[in-house]
Amino acid sequence: MKNRLRCLPLLIAAMFVVCAAAMPASAQRPDEPLPPPDFSNVRYGAHERNVLDLWKAPGNGPAPLVVFIHGGGFVGGDKSRLSAAALKKALAGGAHVMSINYRYLKHAPIQDILRDCARAIQFIRLHAKEYGVDPRRIACFGPSAGAGASLWLATHDDLADPSSPDPVLRQSSRIRAAACLNGQATYDLTRWEPMFGAIRADWKRSEAEPREFYHFASDADFEREAGRKILKDCDMLSLLSKDDPPIWMFCSYPPGIPKDRGHLLHHPRHMELVRQHGEDAGVRVETWTGADVKEPAVAAVEFLLKHLKKDPGGK
(Lines give C-alpha, C1' and ligand atoms only; values in the text may rest on other atoms or scores of the structure.)
Protein backbone atom coordinates (compact mmCIF):
# COMPACT_ATOMS: atom_id res chain seq x y z
CA MET A 1 0.00 0.00 0.00
CA LYS A 2 2.82 2.42 0.83
CA ASN A 3 4.29 1.92 -2.63
CA ARG A 4 0.92 2.57 -4.25
CA LEU A 5 0.44 5.77 -2.29
CA ARG A 6 3.96 6.85 -3.16
CA CYS A 7 3.35 6.27 -6.88
CA LEU A 8 -0.04 7.99 -7.00
CA PRO A 9 1.30 11.55 -6.68
CA LEU A 10 3.58 10.80 -9.62
CA LEU A 11 0.47 10.49 -11.72
CA ILE A 12 -1.64 13.26 -10.22
CA ALA A 13 1.00 15.97 -10.13
CA ALA A 14 1.84 15.23 -13.75
CA MET A 15 -1.76 15.85 -14.67
CA PHE A 16 -1.78 19.28 -13.05
CA VAL A 17 0.91 20.33 -15.50
CA VAL A 18 -1.16 19.55 -18.56
CA CYS A 19 -4.75 20.08 -17.39
CA ALA A 20 -5.22 23.72 -18.36
CA ALA A 21 -5.94 22.92 -22.00
CA ALA A 22 -8.77 20.61 -20.95
CA MET A 23 -10.73 23.31 -19.14
CA PRO A 24 -13.96 24.35 -20.89
CA ALA A 25 -13.73 27.80 -22.46
CA SER A 26 -16.71 29.01 -20.44
CA ALA A 27 -14.89 28.34 -17.19
CA GLN A 28 -11.36 29.27 -18.21
CA ARG A 29 -11.08 32.27 -20.52
CA PRO A 30 -12.57 35.76 -20.48
CA ASP A 31 -15.57 36.19 -22.75
CA GLU A 32 -14.48 39.66 -23.97
CA PRO A 33 -11.62 42.11 -23.35
CA LEU A 34 -11.40 43.44 -19.82
CA PRO A 35 -11.62 47.18 -19.18
CA PRO A 36 -8.48 48.75 -17.71
CA PRO A 37 -8.31 48.28 -13.93
CA ASP A 38 -8.29 51.26 -11.61
CA PHE A 39 -5.10 49.89 -10.09
CA SER A 40 -2.78 47.74 -12.19
CA ASN A 41 0.06 45.41 -11.18
CA VAL A 42 0.01 46.43 -7.55
CA ARG A 43 2.77 44.50 -5.80
CA TYR A 44 1.62 42.48 -2.78
CA GLY A 45 4.77 40.41 -2.27
CA ALA A 46 8.45 40.11 -3.15
CA HIS A 47 8.21 37.84 -6.22
CA GLU A 48 7.66 39.31 -9.68
CA ARG A 49 4.37 37.38 -9.97
CA ASN A 50 3.04 38.73 -6.66
CA VAL A 51 0.94 41.40 -8.36
CA LEU A 52 -2.76 42.21 -8.52
CA ASP A 53 -5.23 44.32 -10.49
CA LEU A 54 -8.20 46.04 -8.89
CA TRP A 55 -11.41 47.47 -10.37
CA LYS A 56 -13.53 49.76 -8.20
CA ALA A 57 -17.30 49.72 -8.09
CA PRO A 58 -19.07 53.08 -8.30
CA GLY A 59 -20.17 54.72 -5.08
CA ASN A 60 -18.75 56.10 -1.89
CA GLY A 61 -17.64 54.32 1.23
CA PRO A 62 -15.99 50.93 1.76
CA ALA A 63 -17.25 48.23 -0.61
CA PRO A 64 -17.06 44.43 -0.45
CA LEU A 65 -14.39 42.73 -2.54
CA VAL A 66 -14.62 39.81 -4.98
CA VAL A 67 -11.24 38.17 -5.61
CA PHE A 68 -10.51 36.17 -8.77
CA ILE A 69 -7.79 33.48 -8.68
CA HIS A 70 -6.88 32.20 -12.14
CA GLY A 71 -6.50 28.59 -13.23
CA GLY A 72 -3.72 26.96 -15.22
CA GLY A 73 -2.54 23.96 -13.22
CA PHE A 74 -0.21 26.12 -11.10
CA VAL A 75 2.15 26.23 -14.08
CA GLY A 76 0.42 28.82 -16.29
CA GLY A 77 -2.42 31.28 -16.47
CA ASP A 78 -2.70 34.92 -15.58
CA LYS A 79 -4.93 37.42 -13.79
CA SER A 80 -6.20 38.59 -17.19
CA ARG A 81 -8.31 35.39 -17.42
CA LEU A 82 -11.01 37.01 -15.35
CA SER A 83 -14.35 36.83 -17.14
CA ALA A 84 -15.53 40.26 -18.30
CA ALA A 85 -19.14 39.20 -17.66
CA ALA A 86 -18.27 38.20 -14.09
CA LEU A 87 -16.43 41.48 -13.58
CA LYS A 88 -19.46 43.45 -14.76
CA LYS A 89 -21.77 41.46 -12.49
CA ALA A 90 -19.62 42.13 -9.44
CA LEU A 91 -19.20 45.85 -10.13
CA ALA A 92 -22.92 46.26 -10.81
CA GLY A 93 -23.56 44.50 -7.51
CA GLY A 94 -21.52 47.10 -5.66
CA ALA A 95 -18.37 45.04 -5.13
CA HIS A 96 -14.81 45.92 -6.06
CA VAL A 97 -12.95 43.19 -7.96
CA MET A 98 -9.36 42.05 -7.49
CA SER A 99 -7.55 39.61 -9.78
CA ILE A 100 -4.23 38.17 -8.66
CA ASN A 101 -1.17 36.42 -10.02
CA TYR A 102 0.79 33.96 -7.91
CA ARG A 103 4.00 32.01 -8.26
CA TYR A 104 4.12 28.91 -10.45
CA LEU A 105 5.34 25.49 -9.35
CA LYS A 106 8.72 26.20 -10.92
CA HIS A 107 9.06 29.06 -8.44
CA ALA A 108 7.59 27.56 -5.28
CA PRO A 109 5.84 24.44 -3.90
CA ILE A 110 2.07 24.21 -3.77
CA GLN A 111 1.98 24.97 -0.03
CA ASP A 112 3.72 28.31 -0.67
CA ILE A 113 1.69 29.12 -3.78
CA LEU A 114 -1.47 28.83 -1.68
CA ARG A 115 0.07 31.24 0.79
CA ASP A 116 0.65 33.69 -2.04
CA CYS A 117 -3.13 33.74 -2.46
CA ALA A 118 -3.57 34.23 1.27
CA ARG A 119 -1.01 37.03 1.26
CA ALA A 120 -2.96 38.88 -1.42
CA ILE A 121 -5.99 38.80 0.90
CA GLN A 122 -3.89 39.95 3.84
CA PHE A 123 -2.31 42.73 1.75
CA ILE A 124 -5.62 44.19 0.67
CA ARG A 125 -6.86 44.08 4.27
CA LEU A 126 -3.83 46.04 5.43
CA HIS A 127 -4.49 48.64 2.71
CA ALA A 128 -8.30 48.46 2.85
CA LYS A 129 -8.77 52.16 3.57
CA GLU A 130 -6.49 53.13 0.67
CA TYR A 131 -8.46 51.04 -1.83
CA GLY A 132 -11.92 51.62 -0.35
CA VAL A 133 -12.42 47.97 0.62
CA ASP A 134 -14.53 46.72 3.51
CA PRO A 135 -12.02 44.34 5.12
CA ARG A 136 -14.82 42.30 6.71
CA ARG A 137 -16.40 41.41 3.34
CA ILE A 138 -13.96 39.61 1.04
CA ALA A 139 -14.78 36.50 -1.03
CA CYS A 140 -12.93 34.44 -3.66
CA PHE A 141 -13.62 32.45 -6.81
CA GLY A 142 -11.79 30.86 -9.70
CA PRO A 143 -11.56 27.89 -12.08
CA SER A 144 -9.51 24.71 -11.66
CA ALA A 145 -6.36 25.66 -9.72
CA GLY A 146 -8.07 28.94 -8.77
CA ALA A 147 -11.04 26.93 -7.52
CA GLY A 148 -8.80 24.77 -5.35
CA ALA A 149 -7.01 27.83 -4.01
CA SER A 150 -10.35 29.49 -3.21
CA LEU A 151 -11.50 26.35 -1.41
CA TRP A 152 -8.23 26.26 0.54
CA LEU A 153 -8.70 29.86 1.65
CA ALA A 154 -12.25 29.07 2.77
CA THR A 155 -11.24 26.03 4.80
CA HIS A 156 -7.82 26.90 6.20
CA ASP A 157 -7.47 28.33 9.69
CA ASP A 158 -6.60 32.02 9.87
CA LEU A 159 -2.96 32.59 8.92
CA ALA A 160 -2.72 35.91 10.77
CA ASP A 161 0.46 36.08 12.85
CA PRO A 162 0.20 39.00 15.33
CA SER A 163 3.91 38.70 16.15
CA SER A 164 5.16 38.84 12.54
CA PRO A 165 7.54 41.68 11.68
CA ASP A 166 5.71 41.87 8.33
CA PRO A 167 2.54 43.98 8.78
CA VAL A 168 0.85 42.13 5.90
CA LEU A 169 1.16 38.79 7.69
CA ARG A 170 -0.47 40.21 10.82
CA GLN A 171 -3.75 40.49 8.88
CA SER A 172 -6.48 37.87 8.69
CA SER A 173 -6.54 35.52 5.69
CA ARG A 174 -10.16 34.48 6.22
CA ILE A 175 -12.85 35.06 3.59
CA ARG A 176 -16.67 35.34 3.66
CA ALA A 177 -17.44 32.84 0.87
CA ALA A 178 -15.82 30.81 -1.92
CA ALA A 179 -17.00 29.76 -5.37
CA CYS A 180 -15.18 26.95 -7.15
CA LEU A 181 -15.47 26.10 -10.85
CA ASN A 182 -14.19 22.64 -11.86
CA GLY A 183 -11.90 22.53 -8.86
CA GLN A 184 -10.17 19.90 -6.75
CA ALA A 185 -11.26 18.61 -3.34
CA THR A 186 -7.79 18.24 -1.86
CA TYR A 187 -4.13 18.88 -2.66
CA ASP A 188 -3.04 15.97 -0.50
CA LEU A 189 -2.44 13.85 -3.58
CA THR A 190 -2.18 10.63 -1.60
CA ARG A 191 -5.95 10.82 -1.07
CA TRP A 192 -6.76 10.61 -4.76
CA GLU A 193 -6.50 6.85 -5.20
CA PRO A 194 -9.19 6.22 -2.57
CA MET A 195 -11.29 8.80 -4.41
CA PHE A 196 -10.97 7.35 -7.90
CA GLY A 197 -9.41 3.89 -7.66
CA ALA A 198 -6.38 2.85 -9.67
CA ILE A 199 -5.17 5.55 -12.06
CA ARG A 200 -3.72 4.78 -15.46
CA ALA A 201 0.06 4.58 -15.42
CA ASP A 202 0.39 6.18 -18.85
CA TRP A 203 -0.92 9.44 -17.37
CA LYS A 204 2.39 9.80 -15.56
CA ARG A 205 4.66 12.46 -17.05
CA SER A 206 7.93 12.05 -15.11
CA GLU A 207 9.28 10.42 -11.99
CA ALA A 208 10.05 13.82 -10.44
CA GLU A 209 6.51 15.24 -10.65
CA PRO A 210 5.31 14.49 -7.09
CA ARG A 211 8.40 15.89 -5.46
CA GLU A 212 8.14 18.97 -7.65
CA PHE A 213 4.53 19.55 -6.58
CA TYR A 214 5.63 19.92 -2.95
CA HIS A 215 9.33 20.50 -3.71
CA PHE A 216 10.19 17.42 -1.67
CA ALA A 217 13.79 16.23 -1.78
CA SER A 218 12.84 12.54 -2.16
CA ASP A 219 9.83 10.19 -2.18
CA ALA A 220 10.60 9.41 1.47
CA ASP A 221 9.42 12.91 2.36
CA PHE A 222 5.83 11.74 1.90
CA GLU A 223 6.20 9.61 5.02
CA ARG A 224 8.35 11.93 7.13
CA GLU A 225 6.69 14.04 9.80
CA ALA A 226 7.44 17.31 7.96
CA GLY A 227 6.04 15.88 4.73
CA ARG A 228 2.86 14.62 6.40
CA LYS A 229 2.39 18.05 7.94
CA ILE A 230 2.54 19.64 4.48
CA LEU A 231 0.05 17.13 3.06
CA LYS A 232 -2.35 17.86 5.91
CA ASP A 233 -1.92 21.61 5.38
CA CYS A 234 -2.96 21.15 1.72
CA ASP A 235 -5.94 18.89 2.45
CA MET A 236 -9.06 20.99 2.15
CA LEU A 237 -11.31 18.06 3.05
CA SER A 238 -9.73 17.59 6.47
CA LEU A 239 -9.49 21.37 6.97
CA LEU A 240 -13.28 21.81 6.66
CA SER A 241 -14.79 22.85 10.00
CA LYS A 242 -18.03 24.38 11.25
CA ASP A 243 -16.62 27.92 11.32
CA ASP A 244 -15.90 27.91 7.58
CA PRO A 245 -17.87 30.15 5.19
CA PRO A 246 -20.42 28.97 2.60
CA ILE A 247 -19.00 27.29 -0.51
CA TRP A 248 -20.39 27.10 -4.06
CA MET A 249 -19.17 24.27 -6.30
CA PHE A 250 -19.69 23.92 -10.07
CA CYS A 251 -18.63 21.05 -12.34
CA SER A 252 -19.10 20.87 -16.11
CA TYR A 253 -17.64 17.35 -16.44
CA PRO A 254 -19.67 14.11 -16.49
CA PRO A 255 -19.63 11.46 -13.75
CA GLY A 256 -18.28 7.97 -14.30
CA ILE A 257 -14.79 6.55 -14.76
CA PRO A 258 -12.31 9.33 -15.63
CA LYS A 259 -11.51 9.26 -19.34
CA ASP A 260 -8.40 11.41 -19.38
CA ARG A 261 -6.26 13.73 -17.29
CA GLY A 262 -8.59 16.70 -17.48
CA HIS A 263 -11.61 14.60 -16.56
CA LEU A 264 -9.84 13.27 -13.46
CA LEU A 265 -8.69 16.70 -12.30
CA HIS A 266 -12.13 18.26 -12.74
CA HIS A 267 -14.29 15.23 -11.98
CA PRO A 268 -17.61 15.81 -10.16
CA ARG A 269 -16.35 13.45 -7.45
CA HIS A 270 -14.31 16.39 -6.13
CA MET A 271 -17.48 18.43 -5.76
CA GLU A 272 -19.39 15.56 -4.18
CA LEU A 273 -16.68 14.96 -1.57
CA VAL A 274 -16.60 18.63 -0.59
CA ARG A 275 -20.38 18.59 -0.20
CA GLN A 276 -20.27 15.40 1.90
CA HIS A 277 -17.50 16.68 4.15
CA GLY A 278 -19.27 20.02 4.38
CA GLU A 279 -22.44 18.31 5.60
CA ASP A 280 -20.45 16.42 8.23
CA ALA A 281 -18.76 19.62 9.37
CA GLY A 282 -21.91 21.76 9.30
CA VAL A 283 -20.72 23.94 6.40
CA ARG A 284 -23.11 25.02 3.67
CA VAL A 285 -21.94 23.68 0.29
CA GLU A 286 -24.01 24.24 -2.86
CA THR A 287 -23.29 22.00 -5.86
CA TRP A 288 -24.19 22.67 -9.48
CA THR A 289 -23.56 20.96 -12.82
CA GLY A 290 -23.15 22.16 -16.38
CA ALA A 291 -26.79 21.37 -17.07
CA ASP A 292 -27.86 23.76 -14.31
CA VAL A 293 -25.68 26.80 -15.00
CA LYS A 294 -25.24 28.60 -18.34
CA GLU A 295 -22.69 31.19 -17.21
CA PRO A 296 -20.74 29.62 -14.35
CA ALA A 297 -18.44 32.58 -13.65
CA VAL A 298 -21.42 34.94 -13.43
CA ALA A 299 -23.32 32.48 -11.24
CA ALA A 300 -20.28 32.21 -8.98
CA VAL A 301 -20.20 35.99 -8.53
CA GLU A 302 -23.94 36.08 -7.84
CA PHE A 303 -23.39 33.59 -5.02
CA LEU A 304 -20.54 35.64 -3.57
CA LEU A 305 -22.50 38.90 -3.76
CA LYS A 306 -25.38 37.33 -1.87
CA HIS A 307 -23.11 36.42 1.02
CA LEU A 308 -21.09 39.62 0.92
CA LYS A 309 -24.29 41.60 1.52
CA LYS A 310 -24.96 39.78 4.75
CA ASP A 311 -23.96 41.16 8.13
CA PRO A 312 -20.35 40.04 8.52
CA GLY A 313 -20.79 39.66 12.25
CA GLY A 314 -17.73 41.66 13.12
CA LYS A 315 -15.26 39.33 11.44
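Residues numbered from 1 in each chain as written. Predicted model: local features only at pLDDT ≥ 70, side-chain atom pairs only at ≥ 80, totals over all residues. Heavy atoms only, no water.

Caption draft 1: Representation of the side chain of Ser99. Along the chain, Ser99 turns up in strand 4 (residues 96–100). On the basis of relative accessibility, which here comes to 0%, the residue Ser99 falls in the buried class. (Helix = DSSP H or I, 4+ residues; strand = E, 2+ residues; numbered from the N terminus. Buried < 20%, exposed > 50% of the residue type's maximum accessible area, 1.4 Å probe, protein only.)

Caption draft 2: Geometry of helix 9 (residues 225–233). Among all positions of helix 9, only Gly227, Leu231 and Asp233 are buried. Considered in projection along helix 9, the buried side chains sweep an arc of 160° and stay on one side of the axis. Turned more than 90 degrees from where helix 9 packs its buried face, Glu225, Ala226, Lys229 and Lys232 sit exposed. On its buried face, helix 9 sits against helix 4 (110–126), helix 6 (145–155), helix 8 (209–214) and helix 10 (236–239). (Arc of directions from axis to C-beta. Contact = heavy atoms within 4.5 Å.)

Caption draft 3: Geometry of helix 12 (residues 268–281). Compared with the 20 Å implied by 1.5 Å per residue over 14 residues, the 20 Å span of helix 12 between its first and last C-alpha is a close match. Where helix 12 is concerned, the buried positions are Pro268, His270, Met271, Leu273, Val274, Gly278 and Ala281. On its buried face, helix 12 sits against helix 6, helix 7 (192–196), helix 10, strand 7 (247–251), helix 11 (261–265) and strand 8 (285–289). Immediately beyond the C-terminal end of helix 12, within one or two residues, lies Gly282, with a positive phi of roughly 80°. (Expected span 1.5 Å × (residues − 1).)

Caption draft 4: Summary view of the pairing of strand 2 (residues 51–55). In terms of burial, strand 2 is a largely internal element, five of the five residues being buried. The alternating pattern of strand 2 places Val51, Asp53 and Trp55 and Leu52 and Leu54 on opposite faces, both of which are buried. Examined bridge by bridge, strand 1 (residues 39–43) and strand 2 share three bridges and lie antiparallel to one another. Counted as the bridge partner of Phe39 is Leu54 from strand 2. Where strand 2 and strand 4 come together, four bridges link them in antiparallel fashion. Residue Leu54 lies in a different strand from strand 4, and its bridge partner there is Met98. (Pairing = 2+ DSSP bridges.)

Caption draft 5: Inspection of the nonpolar core at higher detail. Ranked by internal contacts, the top residues of the largest apolar core, which has 66 residues, are Val67, Ile69, Phe74, Met98, Ile110, Leu153 and Ile247. Looking at this core, the element that brings in the most residues is helix 4, giving nine residues. Each residue touching Ile247, except ones within four places of it in the same chain, is listed here: Leu151, Ala154, Thr155, Ala178, Cys180, Leu240, Val283, Arg284, Val285, Glu286 and Phe303. Counting residues in each nonpolar core, the second largest holds 27 residues, with Val66, Phe250, Ala297 and Phe303 among its members. (Core = buried A, V, L, I, M, F, W, Y, C linked by side-chain atoms within 4.5 Å.)

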